[in-house]
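Take a look at the letters that make up each chain.
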Amino acid sequence: MSDNFTELIDGPKQFAKESIALIKRCTKPDRREFLQISRAVGVGFLIMGFIGFFVKLIHIPINNIIVGGA
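Just so it is clear, the structure is predicted and the values come from calculations on it, not from any experiment.

## Side note on the overall build of the protein chain
Then step 1. Scanning the protein chain from N- to C-terminus turns up 2 helices and 0 strands.
Then step 2. Its C-alpha atoms give the protein chain a radius of gyration of 26 Å, more than 25% over the compact-globule value 11 Å for 70 residues.
Then step 3. Each principal axis of the C-alpha atoms in the protein chain carries an extent, and together these give about 75 × 45 × 10 Å.
Then step 4. Expressed as a percentage of the 70 residues in the protein chain, the buried residues total 0%.
Then step 5. Counting every atom, the protein chain has about 6900 Å² of accessible surface; 70% of that belongs to carbon and sulfur.
Then step 6. On the protein chain, the mean spot of the 9 positive side-chain charges and the mean spot of the 6 negative ones are 17 Å from each other.

## Notes on the environment of Gly42
Then step 1. The residue Gly42 is located in helix 2 (residues 31–67) in this model.
Then step 2. Each C-alpha atom of the pair Gly42 and Asn64 lies 33 Å from the other, and the pair is 22 residues apart in sequence.

## Here we look at the environment of Val67
Then step 1. Within the element layout of this structure, Val67 appears in helix 2.
Then step 2. Val67 sits in the exposed class, given a relative accessible area of 58%.

## Some remarks on helix 2
Then step 1. The end-to-end C-alpha distance of helix 2, which contains 37 residues, comes to 52 Å, matching closely the 54 Å that a straight helix rising 1.5 Å per residue would cover.
Then step 2. Two residues or fewer past helix 2, Gly68 is found with a positive phi of approximately 100 degrees.

## Looking at a nonpolar patch on the surface
Then step 1. On the surface, Leu46, Phe50, Phe53, Phe54, Leu57, Ile58, Ile62, Ile66 and Val67 cluster together into a nonpolar patch covering about 960 Å² of accessible area.
Then step 2. By the secondary structure assignment, Ile66 is in helix 2.

## A short note on the packing of aromatic side chains
Then step 1. Scanning the model with the defined rule gives 2 aromatic pairs in all.
Then step 2. Geometrically, the ring pair formed by Phe53 and Phe54 is edge-to-face, given 5.5 Å between the ring centres and 65 degrees between the ring planes.
Then step 3. Under the relative-accessibility criterion, Phe54 is labelled partly exposed at 44%.
Then step 4. An aromatic cluster is defined as three or more aromatic residues linked by ring pairs; in this entry it consists of Phe50, Phe53 and Phe54.

Calculation notes
All residue numbers here refer to positions counted from 1 along the written sequence of the relevant chain. Only residues with pLDDT of at least 70 get local features here, since the model is predicted, and only at 80 or more are side-chain atom pairs given and counted; chain-wide, interface and lining totals rely on the full set of residues. Excluding hydrogens and water, the side-chain figures rest on all heavy atoms present in the structure. Starting at the N terminus, helices and strands are each numbered in turn, a helix being any DSSP run of H or I of at least four residues and a strand any DSSP run of E of at least two. Put simply, the radius of gyration uses C-alpha atoms, and a globule should come to 2.2 Å times the residue count raised to 0.38. Throughout, exposure labels follow a simple rule: accessible area from a 1.4 Å probe, protein chains only, divided by the maximum for the residue type, with under 20% read as buried, over 50% as exposed, and the rest as partly exposed. With residues, only the protein chains shown are counted as cover, and all accessible areas are computed by Shrake-Rupley using a 1.4 Å probe. By the counting scheme adopted, Arg and Lys are positive, Glu and Asp are negative, and His together with the chain ends is not counted. Charged side chains are reduced to one point each, which is NZ for Lys, CZ for Arg, CG for Asp and CD for Glu. Multiplying one less than the number of residues by 1.5 Å gives the expected span of a helix. Residues with no salt bridge and a relative accessible area higher than 30% make up the patches, which join like charges within 9 Å and nonpolar side chains (Val, Leu, Ile, Met, Phe, Trp, Tyr) within 5 Å. Salt bridges are defined by distance alone: a side-chain nitrogen of Lys or Arg within 4 Å of a carboxyl oxygen of Asp or Glu. Here the aromatic set is Phe, Tyr and Trp, taking the six-membered ring for Trp, and pairing holds for ring centres within 6.5 Å; pairs whose planes are under 30 degrees apart are stacked, those over 60 apart are edge-to-face, and all others are tilted.

Purely spatial values, then, with no claim about function.
Below, the structure written as structure tokens:
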């Protein structure tokens, strides 16, 4: 019975140990790295925005043709 209990506890214990090791290894990004990540995210937002805009721009006339000029 106690063997089952220790097996049940070992999983969360191991997870906690690995999580603490990961947190200790993580560092804050320096200014250059932060700016690089911010630029990449900004470019991604712009690209996705333009894609959405063009899809909407193409969808409106097609929708009017299908539905009709009601």
